[in-house]
Amino acid sequence: MTRPIKRIAVTGGAGQIAYSLLFRLASGEVFGQEQPVALHILEVEAMIPSLQGVVMELEDGAFPLLKEIKTGHDPFTLFGDVDLAILVGATPRGPGMERSDLLKKNATIFVEQGRALSASASTHTQVLVVGNPCNTNCLIAMSHAPNLPRKNFHAMTRLDENRAKAQIAKKASQPVALVRRLAIWGNHSSTQVPDFVNARIGYRDVVEVISDRHWLEGEFVQLIQKRGAAIIAARGKSSAASAASAVIDTLRSLILPTAKDDWFSSAVCSDGNPYGLTEELIFSFPCRSKGNFEYEIVKNLSWDEFIKEKIRVTEQELIEERRDAFA
Ligand code: NAX
């Protein structure tokens with residue numbers, strides 16, 4: 001029996017992340033090889049001609065699972081009946097633009113997209129925000145989508161987790177697949193907290209395998225916090241293929257049950273969180289999934305003084321972003 005088509009909205013369709021992401025969605029990497037998909041691709045009006053080129057390439061991929069492609073610039077039309085919305089498109093920071101201006105400019109995009117999701121999508125629709133500042137953009141979309149459960153909203157911090165795992169594996173000369181339980185706390189920004197204290201390599205604590213605490217607290221944390229800027233400096237463009245890969249990882253982690261004694265990072269609504277952090281934020285937590293997007297925040301992890309202080313800083317930054325965006 002053929003399954004009903006899963007409909008996936010992607011915004012920023014002519015951009016660099018989408019140029020990798022759309023093809024991976026079309027090939028069935030998220031929902032599997034039995035699941036037909038449709039892509040609803042949103043762009044600003046001026047970029048629609050360029051998006052048509054991407055659509056031509058999607059056609060040329062002859063993906064057996066890709067049943068339909070819709071394009072347009074109106075989220076109220078395109079978001080109707082989607083199962084999943086991946087919000088990648090955002091306004092980049094221009095020369096001389098203050099952070100608060102960037103937040104306000106993006107707020108207008110995510111107010112509209114939140115309203116469009118609320119008006120046209122169903123209560124099972126899942127939303128993953130990638131466009132920066134992704135935590136606060138996600139908060140804005142969620143706040144304007146009262147018809148969708150708050151738990152359906154995620155902002156992406158998985159790229160940060162993947163970066164942290166790779167650097168830990170490199171330092172310990174161990175395969176990256178052995179690094180687990182490495183959560184990112186807080187904001188997807190230079191205040192994010194890669195939690196090496198609760199992380200393991202195989203069955204050993206990272207802090208036991210890598211005894212150089214100075215490296216962990218100093219070079220490692222900064223390397224992860226500033227990795228995005230380092231990629232821009234080297235490539236002249238921001239991370240794209242690795243970001244698309246992290247989108248796939250985030251969605252797979254939510255769709256499949258999480259392995260025993262492991263977790264993954266996603267920035268989710270902090271309402272009722274088990275760590276007493278400020279509510280009404282989109283805050284990155286360690287999460288576990290039972291499958292089919294049924295996740296919960298991992299409880300009872302302990303923080304040492306170093307991690308606790310860093311979490312306080314990232315929490316404060318998110319409170320300030322919220323204030324600026326809603327001002
Ligand atoms: P690009 O500038 O290549 O593409 C963005 C596209 O979005 C453009 O084509 C633009 O026309 C479109 N767009 C702008 N406003 C739109 C709207 N209202 N509706 C639909 N489309 C709209 O950026 P790209 O490299 O693809 O990055 C996209 C976003 O991801 C940026 O905000 C970037 O900062 C963010 N990132 C987030 C990451 C994360 O881990 N959360 C990592 C990668 C990346 O930095």
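Residues numbered from 1 in each chain as written. Predicted model: local features only at pLDDT ≥ 70, side-chain atom pairs only at ≥ 80, totals over all residues. Heavy atoms only, no water.

A.B. asks: Residue-level account of the side chain of Arg181, with values.
C.D. replies: Mapped onto the secondary structure, Arg181 falls in the loop between strand 7 (179–180) and strand 8 (184–185). Apart from residues lying up to four places away in sequence, Arg181 is in contact with Asp195, Asn198, Ala199, Arg200, Asp261, Asp262 and Trp263. (Helix = DSSP H or I, 4+ residues; strand = E, 2+ residues; numbered from the N terminus. Contact = heavy atoms within 4.5 Å.)

A.B. asks: With reference to specific residues and values, describe the environment of Val129.
C.D. replies: Checked against the element boundaries, Val129 lands in strand 5 (residues 126–129). Measuring from C-alpha to C-alpha, the distance between Val129 and Phe326 comes to 18 Å, with 197 residues separating the pair along the chain.

A.B. asks: Pulling in residues and values, what's your account of the site of the ligand?
C.D. replies: Taken together, 24 residues sit near the ligand, with Gln16, Ile17, Glu43, Val130 and Asn132 positioned nearest. Between the ligand and the protein, one listed contact pairs an oxygen atom with a backbone N or O atom of Ile17 at 2.9 Å. Within the contact set of the ligand, an oxygen atom lies 3.4 Å away from a side-chain nitrogen or oxygen of His188. Burial of the ligand by the protein amounts to 82% of the accessible area it has alone, namely 880 Å². Among the secondary structure elements, those contributing two or more residues to the shell around the ligand are helix 1 (16–26) and helix 4 (99–120). The residue makeup of the shell around the ligand, split by class, is 13 nonpolar, 10 polar and one charged. (Near = heavy atom within 4 Å. Polar contact = N/O pair within 3.5 Å; in protein donor to acceptor, adjacent residues only side chain to side chain. Areas by Shrake-Rupley, 256 points an atom, 1.4 Å probe, with all protein chains shown as cover. Nonpolar A, V, L, I, M, F, W, Y, C, P; charged D, E, K, R; others polar.)

A.B. asks: Describe the packing of aromatic side chains, with residues and values.
C.D. replies: The tally for this structure, following the rule as stated, stands at 11 aromatic pairs. Aromatic pair Trp185 and Phe285: ring centres 6.1 Å apart, planes at 75°, arrangement edge-to-face. With Trp185 in strand 8 and Phe285 in strand 13 (residues 282–289), this residue pair connects regions lying 100 residues apart in the sequence. Each member of the pair, Trp185 together with Phe285, is buried. (Phe/Tyr/Trp six-rings, centres within 6.5 Å; stacked < 30°, edge-to-face > 60°. Buried < 20%, exposed > 50% of the residue type's maximum accessible area, 1.4 Å probe, protein only.)

A.B. asks: Give a detailed account of the pattern of salt bridges, specifying residues and quantitative values.
C.D. replies: Evaluation of the coordinates by the stated rule reveals 17 salt bridges. A salt bridge links Asp205 to Arg200, with the shortest nitrogen-to-oxygen separation between them at 3.0 Å. Classification of Asp205 as partly exposed rests on a relative accessible area of 29%. Residue Arg213 is joined to Glu217 by a salt bridge in which the shortest nitrogen-to-oxygen separation is 2.7 Å. On the criterion of helical spacing, the pair formed by Arg213 and Glu217 is a turn pair, its members being four residues apart in helix 8 (residues 213–225). Here the salt bridges do not stand alone but share partners, grouping Arg180, Arg181, Arg200, Asp205 and Asp261 into one network. (Salt bridge = Lys/Arg side-chain N within 4 Å of Asp/Glu carboxyl O.)

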